[in-house]
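Spelled out from the first residue to the last, the chains are:
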Amino acid sequence: MTVTLEVAEGVGTIRLDRPPMNALDIATQDRLRELAGEAARRDDVRAVVLYGGEKVFAAGADIKEMRGMDHAAMVVRARELQEAFTAVARIPKPVVAAVTGYALGGGCELALCADFRIAADNARLGQPEILLGLIPGAGGTQRLARLVGPSKAKDLIFTGRQVKADEALAIGLVDRVVPAAEVYEQAHAWAAKLAAGPAIALRAAKECVDGGLETDIDTGLAIERSWFAGLFATEDREIGMRSFVEEGPGKAKFR
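Since the structure is predicted, the reported quantities are computational estimates derived from the model, not experimental observations.

1. Remarks on helix α9 (residues 199-213)
Spacing of three or four residues puts side chains on the same side of an α-helix, whose turn is 3.6 residues.
Turning to step 1, where the next piece is worked out: The end-to-end C-alpha separation of α9 is 22 Å, in line with the 21 Å expected for 15 residues at 1.5 Å each.
Turning to step 2, where the next piece is worked out: All buried positions along α9 are accounted for by A204, K206 and C208.
Turning to step 3, where the next piece is worked out: Contact partners of the buried residues in α9: α3 (71-89), β4 (95-99) and α10 (217-230).

Laid out in structure tokens, this is it:
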């Protein structure tokens, strides 16, 4: 399998495993979509780590495979490509990308689907599609601009240049830079901490932030209001408030 899902301590690790560079061919894209759906459905998965291994996250699409496709074939495949990545972005649980080595093209776009990105100090990120006479097609023109702003996104997309970990951190493309040997450990620890939190409230928070970014502020506030009131019907809300009153903040044990 080119992509696997392993679960431990409430954390599901979606692991890319297509040596040597984790090129995202059609089979890998389809498997990624399948496992994103599984992670979303499984009750024993409360947070997710995206990981490509110790050496590389994903160096992009399989160019040899893509070269053989004509316009008619790509009209069909482009939607399926985007849907695979959107399935990751819409996992209703916290998702962190553990980025080692290259995260280029589709690899960078996959990292953009996470809620949080921890990068190795040797990481290189970028959208080099313009160097092939193309543009990003798995969400890069949209998610990158929303994350780092349109000007910085255009710089990366127009030039196709790669950015090192320190620049990626400075422009907000990644959220933390750590030694390469610690990337997965720290990503898993971040996910495990959230996996112990109130699952429905975390889902609500993610949907409010992501949904609000796609609409006007009044509609976003309505989404927030609905979820906020709805959480008063959950057991976690009762546990959290009772613990706060009786024990003080930050000591609740959610189920």
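Past the structure itself, the notes keep going.
2. Digging into the pairing of strand β3 (residues 47-51)
Turning to step 1, where the next piece is worked out: The buried count for β3 comes to five of five residues, which makes it a mostly enclosed element.
Turning to step 2, where the next piece is worked out: Residues A47, V49 and Y51 line one face of β3 and the alternating positions V48 and L50 line the opposite face, and both faces are buried.
Turning to step 3, where the next piece is worked out: As paired elements, strand β2 (residues 11-16) and β3 share five bridges and run parallel to each other. Each residue of the ladder has a partner; that of V11, found in β3, is A47.
Turning to step 4, where the next piece is worked out: Chirality of the crossover, the property in question, places the unit of β2, helix α1 (residues 26-41) and β3 among those that are right-handed.
Turning to step 5, where the next piece is worked out: When β3 meets β4, the two strands line up parallel, connected through four bridges. If you follow V48 over to β4, its bridge partner there is V95.

Quick notes on the rules
For every chain, the first residue of its written sequence is number 1, and the numbers climb from 1 along that sequence. Residue-level local features of this predicted model are given only where pLDDT is at least 70; pairs of side-chain atoms are given and counted only at 80 or more, and the full residue set underlies all totals for whole chains, interfaces and linings. Just so you know, side-chain values use all the structure's heavy atoms and leave hydrogens and water out. Going along the chain from the N terminus, every DSSP run of H or I of four or more residues is numbered as a helix, and every run of E of two or more is numbered as a strand. The span one expects for a helix is its residue count, reduced by one, times 1.5 Å. Burial classes follow relative accessibility: with a 1.4 Å probe on protein chains only, a residue under 20% of its type's maximum area counts as buried, one over 50% as exposed, and anything between as partly exposed. Contacts are residue-level and defined by heavy atoms, with any inter-residue pair within 4.5 Å sufficient. What makes two strands pair is DSSP finding at least two bridges between them. The definition of a right-handed crossover adopted here requires that, viewed with the strands pointing away, the path from the first strand over the helix to the second runs clockwise.

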